[in-house]
Amino acid sequence: MPPQRSNYFPLQGSGPIPEGWDGVRVGSETCSSLLPSASRIRDLSEEMDPRSLSLVTSVAGPDEIKGILSVVSTAIFRGWGEIVINDWGILDAVTGSVGTGITAGRLIMRFRRGPGVFDPWDALDSSSRRYFAWGPLYDSSFLAFLKVKGVDRIELDPPRHWLPVPDVNGFQFSMHQDTRLVSVSAACPWLFDEAKGTWRSLTDCKQPCSEQNDVVMTSPQVKGALLMRERAIFEPVDIDIDGLDLPETVDRIINSRSQKPEKILRL
Amino acid sequence: MKFEDRPPEILAPVNALDEVKPLLGAGAHWLYGGVIPAKWASRFPSTVLLNQRTFPGAQFSSLEEIEEAVSITRRKGGSFALTLNAPFYMDEQMPMALELAGWASDAGVNALIVADPGLISRLGEEGNRLPLHLSTMGVVANAYSVDLYAAMGVRKVILPRFLNLDQIRFLITSSPTMEFEAFILVGKCPYIEGLCTFVHDSNDQRWPCEWQWDLEDEAGQELPLSLSGHFSGIRECDRRDGCGLCALPVLKSAGIITFKVVGRGAPLERKLQLIRELGKLLSDMPSQLDEDWIRKCKMSYHRLYGHDCCGHNCYYPEVYSSDGRPKD
C-alpha cells in the first residue's frame with residue numbers, strides 16, 4: 001500500500017479547501033509583496049482548519065522583515081500548520097516557535113540544478129550526480145544547522161535527472177511536483193518602466209504579476225521551456241510522482257499552480 | 001574607529017601571481033581569489049563548485065602560486081581574501097574545503113569568503129581563526145540575517161546586489177557592529193546570485209541569464225511592455241558593464257567600507273583600468289551627490305566601457321530622479 005501523502009496547492013481567494021486536497025499554501029517563495037496581510041491570516045484561520053494552512057515566506061529586505069515577522073507571528077498564534085522559510089533572518093527569528101512546523105523552502109536549500117548549456121549527466125561520476133540531484137541533502141553540517149534552527153521539514157523539487165531521495169534522518173519532506181525553481185529576478189520584471197529605462201519602486205506594487213499568465217521562455221540553447229511567474233523563473237516538471245519510489249518521509253506533495261476550485265484535478 | 005570614519009577600500013579580483021603587484025600598485029587594498037586544489041579538480045568537474053567560479057581562468061593555477069600571491073600581498077601592505085563560497089559542500093567534499101581553509105590560515109590569508117552555513121559551522125567547530133566574510137551567495141538582506149551570521153563568527157557581509165540604497169542604509173544602521181561591502185563595478189547580475197541555479201558552463205562565458213529568450217504568454221495574450229523591456233534590457237546592456245559609481249558618496253556615508261570590483265578571470269589591463277578609475281573617484285568624492293559628481297562618474301563610465309550608462313546595468317538607479325538629475 002502506498003504511503004499516505006497530503007496534497008497542497010497555492011490558494012487564491014478563500015476556502016473551504018476543495019475535496020481531494022489536504023491543505024493550501026498562502027504567500028510567495030520569491031516576492032515579499034505577495035505575502036498576505038495579518039488580517040487575511042486571521043480571516044483564513046476562521047474559514048479553514050488552521051492546521052491545513054501553510055504560510056510561504058520570501059526573502060525579506062531590511063525594511064520589510066518586521067512586517068513579514070508580524071504576519072508570521074499572527075499565523076503562529078492562530079495555529080497554522082507550517083511556515084515555509086526562504087530567508088535566513090526569518091529562520092533565525094522563528095527558531096524556538098512552538099506548535100507550528102518550520103520548513104526550509106527551496107531558496108534556503110539552494111539545490112544546484114541548472115539549466116546551463118551542457119547537460120553533462122552521462123559524463124558525471126556518482127558523486128557529481130548526487131551533487132546535481134540532491135547536493136544539499138548530503139551536506140550533513142548544513143542539515144545539522146537547520147535542525148538547530150528548528151527546521152523539521154524540507155521542500156524539494158525533482159532533479160533534472162532522477163536519483164532516489166537520500167535517506168536523511170530527522171526531517172519530513174514536501175515535494176513540488178510540477179516545477180523546479182531556477183532563479184529569482186533581482187528587480188521585479190513586471191515593474192520595469194520602459195519609458196524611463198528603470199524599475200518602479202516595489203512600494204508601488206499593485207501585484208501586476210498576479211493578473212498575468214505564466215510567460216514561457218524558450219532559447220535554442222536550452223531543451224524545453226522555462227516559465228516566468230511572479231519574479232521567479234521555473235522549469236516545468238513532467239514527472240509521475242506516483243511512479244517514483246519515494247521514501248515515506250516525502251509525505252507532502254505541492255502543486256505550484258494556483259487552482260480555482262473548478263479547475264482542481266485530483267492527483 | 002567607527003566604520004564611517006575609516007577610509008574607503010577597494011577589493012579587487014586576482015587570479016594570477018603576476019597580477020598582484022600591479023593591482024596593489026593601482027590602488028587595491030584587498031585582493032580576492034580562489035584556487036581549485038588538484039585533489040578537488042581530479043574528482044569533480046568545474047561546475048561542481050569549490051568556489052563561485054566555473055572556469056579555470058578565474059582560479060590560481062596551484063596552491064604554491066596563490067601562497068606566493070598572499071605573501072606578496074601582505075608584504076606590500078594589502079590583504080588577501082580566499083573564496084570558499086560554494087552554496088554547499090557535500091560530506092565527501094567538506095574535508096577538502098576545511099583542509100583548504102586550514103591551508104589558508106597557515107599561508108597568511110587574511111579572510112575567508114564563505115556562504116554555506118554548514119561550512120561556517122564546521123569552521124567554528126574546527127577552531128578557525130581567520131575572519132569570515134559572508135559572500136553575496138549568502139543573501140543576507142536584513143538585520144536578523146546579519147545577527148544570525150554574526151553569532152556564527154562572520155565579521156563582514158558582502159551585500160546582495162538587489163538591495164537599493166535606502167535598504168542598504170537601513171540595514172547598516174540596524175547592524176552597527178557588522179562591516180559591509182558593496183559591489184561597485186562590473187558583473188551586475190539580473191538575478192539574485194545566491195538564489196540562482198543557472199549553471200555557468202558555456203565556453204564563451206555568456207551565461208543563460210544573458211541569452212536571448214523568446215517570450216510568449218502561456219495563454220497567447222500580449223505580453224506587457226514592462227516584461228519585454230526587462231528582458232530586452234538584459235540583452236542590450238551588457239551585465240559586465242555594471243556600475244554603481246554615482247552612488248559612492250551615498251554608500252560611503254551609509255557606512256560601506258569596502259567597494260568590490262568583479263572580474264576574476266578578466267585581463268589584468270582591464271582590472272587595472274577599473275581600479276584606477278575607482279581610486280581616482282574615491283579620492284575626490286564629495287560628501288553628497290551633486291551634478292558635478294554625476295558628470296564625473298558618467299565620464300568615468302564612458303572611459304571604462306566606451307558607451308553611455310544604461311538603467312539595466314546600473315547598480316543603484318535610484319540615485320537619479322525621473323528627470324535624470326541626482327536625487328536630493
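Residues numbered from 1 in each chain as written. Chains lettered and ligands numbered in written order. Predicted model: local features only at pLDDT ≥ 70, side-chain atom pairs only at ≥ 80, totals over all residues. Heavy atoms only, no water.

On a plain count of helices and strands, chain B comes out with 11 helices and nine strands. Its C-alpha radius of gyration of 20 Å places chain B within 12% of the 20 Å reference for a compact globule of 328 residues. For chain B, the spread of C-alpha atoms along the three principal axes comes to 55 × 55 × 40 Å. Long-range contacts, defined as pairs at least 24 residues apart, comprise 71% of the intrachain contacts of chain B with a sequence gap of at least 6. Carbon and sulfur atoms make up 48% of the accessible area of chain B, which amounts to about 12700 Å² in all. (Helix = DSSP H or I, 4+ residues; strand = E, 2+ residues; numbered from the N terminus. Rg over C-alpha atoms; globule rule 2.2 N^0.38 Å. Contact = heavy atoms within 4.5 Å. Areas by Shrake-Rupley, 256 points an atom, 1.4 Å probe, with all protein chains shown as cover.)

Time to look at the confidence of the model for chain A. Regions with low pLDDT should not have their predicted coordinates read in detail. Looking at chain A as a whole, its pLDDT mean stands at 88, while 91% of the residues score no less than 70. Taken together, the stretch residues 260-267 of chain A has pLDDT below 50 and engages in 12 contacts with residues farther than four places along the chain or on a different chain. (pLDDT = per-residue confidence, 0-100.)

The subject of this paragraph is the interface of chain A and chain B. Counting residues at the interface gives 70 residues for chain A, matched by 71 residues for chain B. When the buried area of chain A at its contact with chain B is split by residue, A:Pro62, A:Arg112 and A:Tyr131 rank highest and sum to 11% of it. Seen at the junction of chain A and chain B, the total is one salt bridge. Between A:Arg130 and B:Glu92 there is a salt bridge whose closest N-O contact spans 2.9 Å. (Buried area = accessible area lost by both parts, 1.4 Å probe. Salt bridge = Lys/Arg side-chain N within 4 Å of Asp/Glu carboxyl O.)

As a further point, take the pattern of salt bridges. All names here are of chain A. With the rule as written, the count across this model stands at 30 salt bridges over all chains. Between arginine 78 and glutamate 46 there is a salt bridge, with the nearest N and O atoms lying 3.1 Å from each other. Taken together, the residues arginine 78 in the loop between helix H2 (65-77) and strand S4 (82-85) and glutamate 46 in helix H1 (residues 38-47) connect sequence positions 32 residues apart. What makes glutamate 46 exposed here is its relative accessible area of 63%. (Buried < 20%, exposed > 50% of the residue type's maximum accessible area, 1.4 Å probe, protein only.)

Residue and element names in this part refer to chain A. Among the structural elements, valine 72 can be located in helix H2. Taking the C-alpha atoms as reference, valine 72 lies 7.5 Å from leucine 55; in sequence the two are 17 residues apart. Those residues in contact with valine 72 that lie beyond four places of it in its chain are Leu55, Thr57, Ile83 and Val94.

So, about the packing of aromatic side chains. According to the stated counting rule, one finds 19 aromatic pairs over all chains in the structure shown. A centroid spacing of 6.3 Å and a plane angle of 80° characterise the contact between A:Trp88 and A:Phe142, whose relative ring orientation is edge-to-face. Linking A:Trp88 in helix H3 (residues 88-94) with A:Phe142 in helix H6 (residues 140-148), this pair joins segments that are 54 residues apart in sequence. In this structure, A:Trp88 and A:Phe142 share a single accessibility class: buried. Measuring from centroid to centroid gives 5.1 Å for A:Tyr131 and A:Phe132, while their planes differ by 85°, and the two rings are edge-to-face. Comparing A:Tyr131 with A:Phe132, the two get one shared label, buried. Its guanidinium or amino end placed over the ring of A:Phe234, A:Arg229 lies 5.2 Å from that ring's centre, counting from NZ or CZ. One residue, B:Lys156, lies across the ring of B:Trp30, its end atom 4.9 Å from the ring centre. (Phe/Tyr/Trp six-rings, centres within 6.5 Å; stacked < 30°, edge-to-face > 60°. Lys NZ or Arg CZ within 6 Å of the ring centre and 35° of its normal.)

With that settled, consider the pairing of strand S4 (residues 111-114) of chain B. All names here are of chain B. Of the two faces of S4, both are covered, the one formed by Ala111 and Ile113 as well as the one formed by Leu112 and Val114. One ladder, built from four bridges, connects strand S3 (residues 79-84) with S4; its direction is parallel. Its bridge partner being in S4, threonine 83 is matched across the sheet by isoleucine 113. Regarding the hand of the β-α-β motif, the stretch spanning S3, helix H4 (residues 94-107) and S4 is right-handed. (Pairing = 2+ DSSP bridges. Right-handed = clockwise from strand over helix to strand, strands pointing away.)

Residues and elements named next belong to chain A. Reading around the circumference, S1-S2-S3-S4-S5-S6-S7-S14 is the order of the eight strands in this closed barrel, with parallel pairing throughout. Across this sheet, the average inter-strand angle for adjacent strands is 25°, counted without regard to direction. Across four bridges, the pairing between strand S2 (residues 23-27) and strand S3 (residues 53-56) is parallel. Counted as the bridge partner of valine 24 is leucine 53 from S3. (Axes fitted to C-alpha atoms, helices over the stretch in contact; angles between N-to-C directions.)

Here we take up H6(A). A:Ser141, A:Phe142, A:Leu143, A:Phe145 and A:Leu146 are the residues of H6(A) that are buried. A:Gly150, located one to two residues past H6(A), shows a positive phi value of around 90°.

A few words now on the environment of B:Tyr32. All names here are of chain B. Within the element layout of this structure, tyrosine 32 appears in strand S2 (residues 30-33). Residue tyrosine 32 is classed as buried on the basis of its relative accessible area, which comes to 3%. Along the backbone, tyrosine 32 and histidine 133 are 101 residues apart, and their C-alpha atoms lie at a distance of 11 Å. Setting aside residues no more than four positions away along its own chain, tyrosine 32 makes contact with Leu11, Ala12, Pro13, Val14, Ala81, Thr83, Ile113, Lys260, Val261, Val262, Gly263 and Arg264. Here valine 261 takes part through its backbone oxygen, which lies 2.9 Å from a polar atom of the side chain of tyrosine 32. (Polar contact = N/O pair within 3.5 Å; in protein donor to acceptor, adjacent residues only side chain to side chain.)

It is worth spelling out the sheet that holds strand S1 (residues 9-13) of chain B at this point. Residue and element names in this part refer to chain B. Strands sit in the order S1-S2-S3-S4-S5-S6-S7-S9 around a closed barrel of eight strands; the barrel is parallel. Here the strands of the sheet are splayed against their neighbours by 30° on average, with no regard to which way each runs. Of the strand pairs in this sheet, S1 and strand S9 (residues 258-261) are connected by three bridges, and their pairing is parallel. Note on S9: the bridge partner recorded for glutamate 9 is threonine 258. With respect to the sheet, H4 is in contact with S3 and S4, its orientation differing from that of S3 by roughly 175°.

As a further point, take unusual backbone geometry. Although it is not a glycine, A:Gln207 sits at a positive phi angle of roughly 55°. Along the chain, the position of A:Gln207 falls in the loop between strand S10 (198-199) and strand S11 (215-218). With a phi angle near 45°, B:Val139 is a residue other than glycine that sits in the positive phi range. Looking at the element boundaries, B:Val139 is found in the loop between strand S5 (132-134) and helix H6 (143-151).

All names here are of chain A. At their nearest, the axes of H1 and H2 sit 9 Å apart, and the two run at 15° to each other. By the criterion of interaxial angle, the relationship of H1 to H2 is roughly parallel. As H1 packs across H2, the resulting crossing turns out to be right-handed. Contacts between H1 and H2 involve Ala38, Ile41 and Arg42 from the former and Val71, Thr74 and Ala75 from the latter. A per-class count over the contact of H1 with H2 returns four nonpolar, one polar and one charged. (Parallel < 35°, antiparallel > 145°, perpendicular 65-115°, else oblique. Left-handed = near helix turned anticlockwise from the far one by under 90°. Nonpolar A, V, L, I, M, F, W, Y, C, P; charged D, E, K, R; others polar.)

Its 13 residues place the ends of H2(A) 18 Å apart at the C-alpha level, agreeing with the 18 Å of an ideal helix rising 1.5 Å per residue. Turning to H2(A), its buried residues are A:Ile65, A:Ile68, A:Leu69, A:Val71, A:Val72, A:Thr74, A:Ala75 and A:Ile76. Buried residues along H2(A) sit against H1, S3, S4 and H3 of chain A together with H6 of chain B. Looking one or two residues past H2(A), A:Gly79 carries a phi angle of roughly 80°, positive in sign. (Expected span 1.5 Å × (residues − 1).)

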